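# Secondary and tertiary structure notes
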Amino acid sequence: MTFFQTPPALGNQYDDDVLLGELLARRVPEDVRRAIEPSLVEMGGLAAGRLFELSQASRGQEPVLFSHDAWGRRVDEIRVPPAWKEYARVAAEHGLVAIPYEREQGPWSRLHQFALLYLFAPSSSVYTCPLAMSDGAAKTLLHHRATRLVERAVPHLTSRDPHNVWTSGQWMTERTGGSDVGRTQTEARAVANGWRLHGSKWFTSAATSEMALTLARPEGNGPGGRGLALFYLETRTPEGGLNGIHIHRLKDKLGTRMLATAELDLEGTRAELVAGTEEGVKAITPMLQITRLWNAVCSVASMRRGMALARDYARRREAFGAPLADKPLHVETLAALQAEFEASFLLLFRAVELLGREETEGGTDDERLLARVLQPVVKLYTARHAVAHASEVLEAFGGAGYVEDTGLPALLRDAQVLPIWEGTTNVLSLDTLRAIGGGEALVALLNDLEARVARATHPALQGPRVRAVDAGRRAAAWLKARAAEEVAVLEAGARAFALTLGRAYALALVVEHAQWLLDTRGNRRGVAVARRLASSGLDALDTVDAPQDALGVAFPEPR
Ligand code: MFK
């Protein structure tokens, strides 16, 4: 009989998620868990069913820019595929942005939101991007107490009504660069009753949004991020035309293909100040705090989806006389992926828990310091692992992983943006140093790391426990030793430092979880995960040495 491979299938993505269930049982009060569970079950079903099918069926569908109408008038209209509108509807109805503002679950509202996002994201064709920026925009307007704008925009951004809901853009990047935002050239001119913006934005994701937060330099202001101001704009005028916006083209990207990312000009766009006429870079950081955490949940969710597909396929696919699930080397490969996924998962949800507390109860000083330093660490750590993870998942499918209509290559192509947007690994590594500043945040992190592992008394966890504490201390010692040296030496090691810190802290969280699994369920999975992580690549700082020498030759002069 002719042989056909059986494709992988997904079960309810909440019911099947052992780790999420354990986290909720360990951390979340019973009444909160009962209250949020129905929504998680429903989203788990959608993510495996209707939304998953939609993401597969709409593969290859992309937004299209119509610059002119049939009669030659310039319209600059972006038309999105029907699937995009369906994701928007589901997101609004399930409160994916609204939940942390409704705060029905008090400090656990953020965790509720992120658990839903974690289920939704891998079946959403990256609709998470406009949602992330909308959440970030609501947070930023509220943070600055911009009363008029809060009253105008936040009810739309946090609406559960698909006909009333808005999304927001975050227009930061110009041709001068996405990292060095202080070089922004867009100019803001004061007019009779407001401001008008003139300039170009080079990478505007979710260009179909109703509003955007953006940076521009008020006339006469000085250079750099301090001379910029944070502006709010609506993309359309009350009459329905574009608000002085000309869209040049949509980007031809490696992944995130259903997401419209535009190059556009602002030609007298009406805008309002959000938080004064200066310090724009600082003013937009509440948005970055949120979007970077969304980035991390997308990274972790991508890993989880990869695991779900690869594990299912391992039972179906036979080779050399047995299912892959019975092949020791295949099982070993998947176990390594599972360990990396669990580390990233626990890291993410620790940061989410801290954010939820900060937003509702304020949290302690140490928790706020910890949350600030975890912000870049969690984003960069999870994003790097998501790319490596997706690559390995594709390999677990052999040739099928390299063929577009299996839907698998999108996992890798969509993951590749995660370490790039919202701050590259290097920018975030430098932000880690910025967050640590005088060292208080590092002390807060190390204290918390030690507190996490303090209750891990099982003999099998002593090795990982010691390794986590040692790696954290070694990172701190490295930083202290370099603090006296030239800035260049510190900068060259920033990535290794941030990754070491992330891995040490993640391992501590894994050890804590492992002890709980032993205590409450007699389950040794956490021990195996902890031991595996402890024995692999914990300390990246050893590799930092004389980068100029290793490159061998001087950088050539630009021709
Ligand atoms: C699906 C998931 C997500 C989807 C969303 C994707 C949508 C993509 C849309 C995009 O817009 S992607 C582009 C995102 N761009 C970035 O993330 C910018 C990357 N670059 C940086 O983060 C740079 O570090 C930065 C622009 C902030 C550096 O600029 P400056 O002008 O050199 O900043 P400076 O002088 O170091 O800091 C200015 C102030 O901000 C300082 O405060 P003080 O004046 O009080 O000292 C900093 O401490 C503060 N600051 C900087 N970064 C901060 C921060 N505060 C809190 N958190 C931070 N992260």
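### Notes on the packing of aromatic side chains
- Counted by the stated rule, this structure contains nine aromatic pairs.
- Ring plane angle 90° and centroid distance 6.0 Å describe the contact between Tyr118 and Phe349, whose orientation is recorded as edge-to-face. One end of the pair, Tyr118, is in helix α6 (residues 109–120); the other, Phe349, is in helix α11 (residues 328–360), with 231 residues separating them in the sequence.
- By relative accessible area, which is 1% here, Tyr118 ends up buried.
- Judged by centre distance (4.8 Å) and plane angle (45°), the ring pair of Phe345 and Phe349 falls under tilted. Of this pair, Phe345 and Phe349 are both found in helix α11, four residues apart, which corresponds to roughly one turn of the helix. Neither residue differs from the other here; Phe345 and Phe349 are each classed as buried.

### Things to note about unusual backbone geometry
- Although it is not a glycine, Arg103 sits at a positive phi angle of roughly 55°.
- Within the secondary structure, Arg103 sits in the loop between α5 (99–102) and α6.
- Among the residues examined, Arg103 registers a relative accessible area of 37% and is labelled partly exposed.
- Here Thr256, not a glycine, exhibits a phi torsion of approximately 45°, which is positive.
- With respect to the helices and strands, the residue Thr256 is situated in the loop between β8 (245–250) and β9 (261–273).

### Thoughts on the site of the ligand
- Taken together, 29 residues form the shell around the ligand, and within it Ser179, Arg226, Lys282, Arg292 and Arg434 come nearest.
- Separating an oxygen atom of the ligand from a backbone N or O atom of Gln170 is a distance of 3.1 Å.
- Note that an oxygen atom of the ligand is positioned 3.0 Å from one of the side-chain N or O atoms of Arg226.
- For the ligand, the protein covers 80% of the area, taking 1200 Å² as the surface of the free molecule.
- In terms of residues, the shell around the ligand owes the most to one element, helix α10 (residues 285–316), which gives seven residues.
- Residues belonging to the shell around the ligand are distributed by class as follows: eleven nonpolar, eleven polar and seven charged.
- The residue makeup of the shell around the ligand includes at least three contributed by each of domain 1 (18–136 + 284–415) and domain 2 (168–280).

### Focus: the nonpolar core
- One finds Tyr118, Phe345 and Phe497 to be the most contacted residues of the largest nonpolar core, which totals 179 residues.
- Sorting elements by how many residues they give to this core places α10 first, with 17 residues.
- Setting aside residues no more than four positions away along its own chain, Tyr118 makes contact with Asp17, Leu20, Val297, Val300, Ala301, Arg304, Phe341, Phe345 and Phe349.

### Describing the layout of surface pockets
- Considering only enclosed or pocket space, the second largest pocket measures out at about 650 Å³ in volume.
- Lining the second largest pocket are 28 residues; nearest its centre among them are Val165, Thr167, Thr208, Ser209 and Glu210.
- Mapped by element, the contributors of at least two residues to the lining of the second largest pocket are β2 (74–79), α4 (82–93) and β8.
- At four residues, the largest contribution of residues to the lining of the second largest pocket is made by α4.
- Its residues assigned to classes, the lining of the second largest pocket shows 16 nonpolar, four polar and eight charged.
- Two domains each provide a minimum of three residues to the lining of the second largest pocket, namely domain 1 (18–136 + 284–415) and domain 2 (168–280).

### A short note on empty space enclosed by the protein
- One pass over the structure, following the stated rule, counts six cavities of 30 Å³ or more.
- Approximately 110 Å³ is the volume attributed to the largest cavity.
- For the lining of the largest cavity, the secondary-structure elements that each account for two or more residues are α10, α11 and α12 (365–396).
- Sorting elements by how many residues they give to the lining of the largest cavity places α12 first, with four residues.
- Grouping the constituent residues of the lining of the largest cavity by class yields five nonpolar, two polar and three charged.

### Regarding helix α16 (residues 462–483)
- Here α16 contains 22 residues, and its C-alpha end-to-end distance of 32 Å stays within 8% of the 32 Å for a straight helix at 1.5 Å per residue.
- Buried within α16 are the following residues: Pro464, Ala468, Val469, Ala471, Gly472, Ala475, Ala476, Trp478 and Leu479.
- Residues of α16 that are buried sit in contact with α14 (425–436), α15 (440–453), α17 (487–492), α18 (494–521) and α19 (525–534).

### Looking at the domain arrangement of the protein
- For the protein, the assigned domains are domain 1 (18–136 + 284–415), domain 2 (168–280) and domain 3 (437–554).
- Each of domain 2 and domain 3 was reduced to a C-alpha centroid, and the two centroids are 39 Å apart.

### Regarding the packing of α12 against α18
- It is the contact of α12 with α18, at a shortest axis distance of 9 Å, that shows an interaxial angle of 95°. Our classification of the angle between α12 and α18 gives roughly perpendicular. The segment α12 lies against α18, with Leu370, Leu374, Val377, Leu380, Tyr381, Arg384 and His385 engaging Arg495, Ala498, Leu499, Gly502, Arg503 and Tyr505.
- When its residues are assigned to classes, the contact of α12 with α18 shows eight nonpolar, two polar and three charged.

### Looking at the pattern of salt bridges
- Evaluated as defined, the whole model comprises 42 salt bridges.
- The salt bridge involving Arg33 is made with Glu30; its shortest N-O contact spans 2.7 Å. Here Glu30 and Arg33 lie together in helix α2 (residues 30–48), a separation of three residues that amounts to about one turn.
- For Glu30, a relative accessible area of 39% puts it in the partly exposed group.
- The salt bridge partner of Glu342 is Arg525, with a shortest N-O separation of 2.8 Å. Taken together, the residues span a long stretch of sequence, with Glu342 in helix α11 and Arg525 in helix α19 at a distance of 183 residues.

### A short note on the side chain of His156
- Within the element layout of this structure, His156 appears in helix α8 (residues 147–157).
- Given the relative accessible area of 17%, His156 is considered buried.
- Excluding anything up to four places from it in sequence, His156 contacts Asn164, Val165 and Trp166.

What counts, and at which threshold
Residues numbered from 1 in each chain as written. Predicted model: local features only at pLDDT ≥ 70, side-chain atom pairs only at ≥ 80, totals over all residues. Heavy atoms only, no water. Phe/Tyr/Trp six-rings, centres within 6.5 Å; stacked < 30°, edge-to-face > 60°. Helix = DSSP H or I, 4+ residues; strand = E, 2+ residues; numbered from the N terminus. Buried < 20%, exposed > 50% of the residue type's maximum accessible area, 1.4 Å probe, protein only. Near = heavy atom within 4 Å. Polar contact = N/O pair within 3.5 Å; in protein donor to acceptor, adjacent residues only side chain to side chain. Areas by Shrake-Rupley, 256 points an atom, 1.4 Å probe, with all protein chains shown as cover. Nonpolar A, V, L, I, M, F, W, Y, C, P; charged D, E, K, R; others polar. Domains from an automatic or database assignment. Core = buried A, V, L, I, M, F, W, Y, C linked by side-chain atoms within 4.5 Å. Contact = heavy atoms within 4.5 Å. 1 Å grid on protein atoms, 1.4 Å probe; cavity = no way out; pocket = protein on both sides within 12 Å on 5 of 7 lines; lining within 4 Å. Points joined across faces, edges and corners; volume = space filled by probe spheres on them. Expected span 1.5 Å × (residues − 1). Axes fitted to C-alpha atoms, helices over the stretch in contact; angles between N-to-C directions. Parallel < 35°, antiparallel > 145°, perpendicular 65-115°, else oblique. Salt bridge = Lys/Arg side-chain N within 4 Å of Asp/Glu carboxyl O.

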